[in-house]
Amino acid sequence: NAGVTQTPKFRVLKTGQSMTLLCAQDMNHEYMYWYRQDPGMGLRLIHYSVGEGTTAKGEVPDGYNVSRLKKQNFLLGLESAAPSQTSVYFCASSYSLAGNRGWEQFFGPGTRLTVL
Amino acid sequence: AQRVTQPEKLLSVFKGAPVELKCNYSYSGSPELFWYVQYSRQRLQLLLRHISRESIKGFTADLNKGETSFHLKKPFAQEEDSAMYYCALRGGDRDDKIIFGKGTRLHILP
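Here is what the cut-offs are and how they apply
Residues numbered from 1 in each chain as written. Chains lettered and ligands numbered in written order. Predicted model: local features only at pLDDT ≥ 70, side-chain atom pairs only at ≥ 80, totals over all residues. Heavy atoms only, no water. Helix = DSSP H or I, 4+ residues; strand = E, 2+ residues; numbered from the N terminus. Rg over C-alpha atoms; globule rule 2.2 N^0.38 Å. Contact = heavy atoms within 4.5 Å. Salt bridge = Lys/Arg side-chain N within 4 Å of Asp/Glu carboxyl O. Polar contact = N/O pair within 3.5 Å; in protein donor to acceptor, adjacent residues only side chain to side chain. Disulfide = S-S within 2.5 Å. Buried < 20%, exposed > 50% of the residue type's maximum accessible area, 1.4 Å probe, protein only. Core = buried A, V, L, I, M, F, W, Y, C linked by side-chain atoms within 4.5 Å.

Trainee: Please explain the overall build of chain B as it appears in this structure.
Mentor: Helix and strand content of chain B: zero helices and 11 strands. Going residue by residue from the N terminus, the α and β elements of chain B occur as β-β-β-β-β-β-β-β-β-β-β. Taken over the C-alpha trace, chain B has a radius of gyration of 13 Å; the compact-globule value for 110 residues is 13 Å, and the two agree within 12%. Judged by the C-alpha coordinates and their principal axes, chain B covers about 45 × 30 × 25 Å.

Trainee: What exactly am I supposed to notice about the interface of chain B and chain A here?
Mentor: When the parts of a complex come together, some accessible area is lost, and that lost area is often taken as the interface size. The interface of chain B with chain A comprises 20 residues on the first partner and 23 residues on the second. Put simply, chain B and chain A have one salt bridge between them. Of the charged contacts, one joins R49 of chain B and E104 of chain A as a salt bridge, the two residues approaching to 3.3 Å between their closest N and O atoms. Our enumeration of links across chain B and chain A arrives at six residue pairs in polar contact (both at pLDDT 80 or more). Listing elements by their share of the side of chain B that touches chain A, those giving two or more residues are β5 (32-38), β6 (45-49), β9 (83-90) and β10 (98-100) of chain B.

Trainee: Even after reading the chapter, I still don't get the state of the cysteines, so can you show me in this structure?
Mentor: In a disulfide, the sulfur atoms of two cysteines are held together by a covalent bond. Going through the model one piece at a time under the given rule, you end up with two disulfides over all chains. The residue that forms a disulfide with C23 of chain A is C91 of chain A, at a sulfur-sulfur distance of 1.9 Å. Taking the torsion about the S-S bond as the criterion, the C23 of chain A to C91 of chain A disulfide, at about -75°, is left-handed. Within this pair, whereas C23 of chain A is found in strand β3 (residues 19-25), its partner C91 of chain A is found in strand β9 (residues 87-94), the two being separated by 68 residues in sequence. The same class applies to C23 of chain A and to C91 of chain A, which are both buried. Here C23 of chain B pairs with C87 of chain B through a disulfide, and the sulfurs are 2.0 Å apart. Where C23 of chain B bonds to C87 of chain B through sulfur, the torsion about that S-S bond is close to -65°, and the disulfide is left-handed.

Trainee: Sorry if this is basic, but what is going on with the environment of A61 of chain B here?
Mentor: Residues and elements named next belong to chain B. For A61, the location among the structural elements is in strand β7 (residues 60-61). Spatially, the C-alpha atom of A61 lies 7.9 Å from that of L48, the residues being 13 residues apart in sequence. Residues contacting A61, with those up to four places away along its chain left out, are W35, L48, F70, H71 and L72.

Trainee: Mind showing me how you'd approach the nonpolar core here?
Mentor: When a protein is soluble and globular, its nonpolar side chains tend to lie buried together. Residue and element names in this part refer to chain B. W35, L72 and Y85 are the most contacted members of the largest nonpolar core, which totals 24 residues. Of all elements in the fold, only β2 (10-14), β3 (19-21), β5, β6, β9 and β11 (104-109) reach the threshold of two or more residues within this core. It is β9 that provides the largest number of residues to this core, a total of four residues. Residue contacts for Y85: discarding those within four places in its chain leaves Q6, L21, W35, Y36, V37, L47, F59, L72, G103, T104 and L106.

Structure (structure tokens):
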């Protein structure tokens, strides 16, 4: 099992460019999440999905869009990148809740994005 | 509103000394609390959760509902404990996401 993987690992963009970050998981998890990690700010939830074809906004959704066309993939898009979006992006996945007392999120290795 | 507060950005402790990483939360119901750890250049991984009442790598954390705290403790720090530690909260059985604190960087001094 690869667990949660993210593509690419690093990317440098110019202001105004667009890109898509790919997250894939092979654990058959229902839920998937995108976070950004910034110094002094911790992890902040951007968007998440509780199942194929569904998405929801998190704490900092502006400037990002997501899609969950397949259960195993969760895409994060930046339509017009801004320097404020320079960050490390983490994807995570988890089983659904349903009283699962062993619930936890599994994280990917991160994507380091710099917007010039 | 749900909130997780980690008051220390950086905590420096000598090897062999006790460690306590503070976490306070704000939630009106019965939350589920977690500690995640991120070693240098690695992904976040779950360290422990309060419902398991377990000890992982010598760390323990007790949920104190009266003080709304979930402090992480270890009696004797080791150099390999140097990492970023995040406290996180899930607000009950029907909540499908967790909220993270801003993290505390633990630096173990030789």
